[in-house]
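This is what each chain is made of:
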Amino acid sequence: DAKTTQPPSMDCAEGRAANLPCNHSTISGNEYVYWYRQIHSQGPQYIIHGLKNNETNEMASLIITEDRKSSTLILPHATLRDTAVYYCIVRDAGGTSYGKLTFGQGTILTVHP
Amino acid sequence: DTAVSQTPKYLVTQMGNDKSIKCEQNLGHDTMYWYKQDSKKFLKIMFSYNNKELIINETVPNRFSPKSPDKAHLNLHINSLELGDSAVYFCASSQPGGYGYTFGSGTRLTVV
């Protein structure tokens, strides 16, 4: 699976959009971009994933650049409960990795009142 | 109903003891996993089972032995516990290929 690079920490004001970047310059054509988050002491939680088109769900939006070498997770209206470590993971969804998730250090997002 | 449940939530034990952590999922997933999160917060996969068959076995000491009695259960037995085994262990499950990944709430193991 391709490696990802994320900033170690970011701050955001409550109610504002949080934009979390991720670089994955070695991504290959069959690899998806996944985002998970881990709220303190809890298990990681799936947020969103995409291949090349932008995606949106009830939690967030995922913007993937045209060359697929980077992406941005957008939390449109951050709340204090969104304070967590956010992980960007690139993996082959076709099964060769047998579902293995390779976590990096992630980005610690702190949402301030 | 909790989708992926682990027991116990906390486990404190002495060096040299043998302990087990249990995991059950009610999502109907075929694949289950064990992950370890150490004190530096790195999350790393240990094992993966698909329909009771071991398919991922990362470089983990032989003292760790997973057992899957059926596809809804994946237990982790640890022999001769060492201080370095102290960590939070997460169980997870997914559909084949990693779809619908769901983690449990973790078991915090402390070896003293």
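Preceding this paragraph is the structure being described.
Rules and cut-offs
Residues numbered from 1 in each chain as written. Chains lettered and ligands numbered in written order. Predicted model: local features only at pLDDT ≥ 70, side-chain atom pairs only at ≥ 80, totals over all residues. Heavy atoms only, no water. Contact = heavy atoms within 4.5 Å. Salt bridge = Lys/Arg side-chain N within 4 Å of Asp/Glu carboxyl O. Polar contact = N/O pair within 3.5 Å; in protein donor to acceptor, adjacent residues only side chain to side chain. Helix = DSSP H or I, 4+ residues; strand = E, 2+ residues; numbered from the N terminus. Nonpolar A, V, L, I, M, F, W, Y, C, P; charged D, E, K, R; others polar. 1 Å grid on protein atoms, 1.4 Å probe; cavity = no way out; pocket = protein on both sides within 12 Å on 5 of 7 lines; lining within 4 Å. Points joined across faces, edges and corners; volume = space filled by probe spheres on them.

S.K.: Please explain the interface of chain B and chain A as it appears in this structure.
M.R.: Accessible area lost during the coming together of the parts is what is often quoted as the interface size. Taken residue by residue, the interface counts 20 residues in chain B and 19 residues in chain A. Linking chain B to chain A there are 1 salt bridge. Our count for the chain B to chain A interface comes out at 3 residue pairs in polar contact (both at pLDDT 80 or more). Those elements that place two or more of their residues in the side of chain B that touches chain A are β4 (31–37), β5 (43–50) and β6 (53–57) of chain B. Taken together, the residues that form the side of chain B that touches chain A break down as 11 nonpolar, 6 polar and 3 charged.

S.K.: Even after reading the chapter, I still don't get the layout of surface pockets, so can you show me in this structure?
M.R.: Of the pockets and cavities examined, the largest pocket occupies roughly 720 Å³. Taken together, 37 residues line the largest pocket, and the ones lying closest to its centre are A:Val85, A:Tyr87, A:Gly104, A:Gln105 and B:Lys41. Of all elements in the fold, only β8 (84–92) of chain A together with β9 (87–94) of chain B reach the threshold of two or more residues within the lining of the largest pocket. Sorting elements by how many residues they give to the lining of the largest pocket places β8(A) first, with 6 residues. Here the second largest pocket defines a volume of roughly 210 Å³. As for the second largest pocket, its lining consists of 14 residues, of which B:Lys36, B:Lys44, B:Met46, B:Thr59 and B:Val60 are closest to the centre. The leading source of residues in the lining of the second largest pocket is β5(B), at 3 residues. By residue class, the composition of the lining of the second largest pocket is 6 nonpolar, 2 polar and 6 charged.

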